[in-house]
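Analysis of the macromolecular model
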Amino acid sequence: MSGRIRRFFRDRKEDVQDYTGGSGIIGKFVLAVLVVYLLVAVVLGFYWSDEPETFSVRENTRAVANALGREPVTGFATTSTLIRIAETLLDKPGGYLTNDIFPPGLWLDNIPSWEYGALVQVRDLARAMRRDIARSQSQSAEDPDLVVAEPQFNFDSNSWAIPSTESEYRRGIAALKRYLDRLSSNGQDSAQFFARADNLSNWLADLETRLGSLSRNLGESVGKASISDAVVDVDADQGLKEIPDGEEVKTPWTKVDNVFYEARGSAWALLHIFRAIEVDFRKVLQDKNAMASVKQIIIELEATQDPMWSPVILNGSGFGILANHSLTMAAYLSRANSAISDMRDLLSRG
C-alpha cells in the first residue's frame, strides 16, 4: 500500500515538473515576443515622428488635372490642395495617429498635435467653401458635395472604431473629389467656385482669430501676466490707484511641445492653402494690389517649416541663454497675421 502511495506522489511530481517546464518555455517565448515588439515600436516611433514634407501646389494641381483629363479651372488649385492636405493626414508614415490605442502611436504626442493643427485648417476651409466660396449669394443653394464634406471633417478626431475617424474623413475626401470633378466639367450639374474678394475676406477673418489664439498660446510658454477680457467699470476716484497686472499664465512644461507642434501643423497646412489662393484668386489679388501681402504671408509661413535641429522643444526664457522655439514660432505667426490684416484691408477697398 505504501508503495502505491509513493508511486502516486512520484507520478504527480513528474506531472508538475513537466507542466512547469512547458510553461517556462511559453513564458520565455512570450517575453521574447514582447521585447521584439517594443523594440520595433521604438524604431517605428522615431520614423512616424517625422513631419510630412511640403509639396508643390502647382505640380500637384497639374498632376490631378492630368489624372482627370481636365483643364485646371478657377478653384481647381484650392480644392485639389485641400484634398492633398486631408490625404496627408491619413496616408503619411504611420497613418493617422491621434486615435491610436497601441504603441508606438499611443506614446507619441507631437505628431497628433501636428495633425490637429492641420485638421483645424482643413475644417475651416471646407466650411468657408460650403458657406461662401461655392455660392454666388446668400440665398443660393449649397453645393451638395460640400454639404457632405464639411461635417465629415468635423467628426470626432479621436474615434478609433465604429466608425473610425479615418473612415469618416475619407468620406469627406471622396465628397471633395466629386466636387472637384464637377467643378472641372461643363455639364449641367457642374459645381461653382467664386473667387471674389468678399469670399476670401470672410475666410481670412476667421483665420485671424485662429492665428491670434495660436500666437498667444505660444507666447505663454515663458509665463506672462494675463488681463481678463471682461470689461470692468472703474470709478473716477479710483483712477490713480495701482491696478495689478493680473495673474501669471504659463503653459505647463509637459504641454509646450504640444502647443508648438499644433502651431507648426497649422502653418504647414496654411502654407499650401495660400499658395493655392495665389493661383485661384490671382485676378482679384492683382486688382486689389494684395499680391504682395500674399507673398509676405507665404514667406513667413515658409519660415515656420524650417528643419528642427534640436531633439526637443527648448523652452528658455525670452532673453535667456537657451533658445525658446515657441517664441520663435509665435513671431513668424504674428507677422503672418499682420500681413493677413493688411490683406483684408486691401480686399475691402473698392
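As a reminder, the structure under discussion sits directly above these lines.
What you see is a predicted model, and the numbers here were worked out from it, not measured in a lab.

Taken as a whole, this structure holds seven aromatic pairs when the rule is applied. Where Tyr 96 meets Tyr 169, the ring centres are 5.9 Å apart and the plane angle is 80 degrees; that geometry is what we call edge-to-face. Here Tyr 169 lies in helix H6 (residues 165-183) and Tyr 96 lies in the loop between helix H3 (76-91) and helix H4 (110-133), a separation of 73 residues in the sequence. Tyr 96 sits in the buried class, given a relative accessible area of 3%. Ring centres of Phe 153 and Tyr 169 lie 6.1 Å apart, and the angle between their planes is 45 degrees; this geometry places the pair in the tilted category. Of this pair, Phe 153 sits in helix H5 (residues 144-153) while Tyr 169 sits in helix H6, and the two are 16 residues apart along the sequence. Among the residues examined, Phe 153 registers a relative accessible area of 1% and is labelled buried. By the ring-pair criterion, three or more aromatic residues cluster together here, those being Phe 55, Trp 114 and Trp 268. Directly above the aromatic system of Phe 55 lies the positively charged group of Arg 84, at a separation of 4.2 Å from the ring centroid.

Turning our eyes to something else, we now look at the packing of H5 against H6. In contact at an axis separation of 8 Å, H5 and H6 are set at 155 degrees when each is read in the N-to-C sense. Put simply, H5 runs roughly antiparallel to H6. Between H5 and H6 lies a crossing whose hand is left-handed. Along the contact surface, H5 presents Pro 144, Asp 145, Leu 146, Val 148, Ala 149, Gln 152 and Phe 153, while H6 presents Glu 168, Tyr 169, Arg 171, Gly 172, Ile 173, Ala 175, Leu 176, Arg 178, Tyr 179 and Arg 182. Looking at the contact of H5 with H6, its residues break down into ten nonpolar, two polar and five charged.

Criteria and cut-off values
- Residues numbered from 1 in each chain as written.
- Predicted model: local features only at pLDDT ≥ 70, side-chain atom pairs only at ≥ 80, totals over all residues.
- Heavy atoms only, no water.
- Phe/Tyr/Trp six-rings, centres within 6.5 Å; stacked < 30°, edge-to-face > 60°.
- Helix = DSSP H or I, 4+ residues; strand = E, 2+ residues; numbered from the N terminus.
- Buried < 20%, exposed > 50% of the residue type's maximum accessible area, 1.4 Å probe, protein only.
- Lys NZ or Arg CZ within 6 Å of the ring centre and 35° of its normal.
- Axes fitted to C-alpha atoms, helices over the stretch in contact; angles between N-to-C directions.
- Parallel < 35°, antiparallel > 145°, perpendicular 65-115°, else oblique.
- Left-handed = near helix turned anticlockwise from the far one by under 90°.
- Contact = heavy atoms within 4.5 Å.
- Nonpolar A, V, L, I, M, F, W, Y, C, P; charged D, E, K, R; others polar.

Honestly, it's all geometry; don't read function into it.
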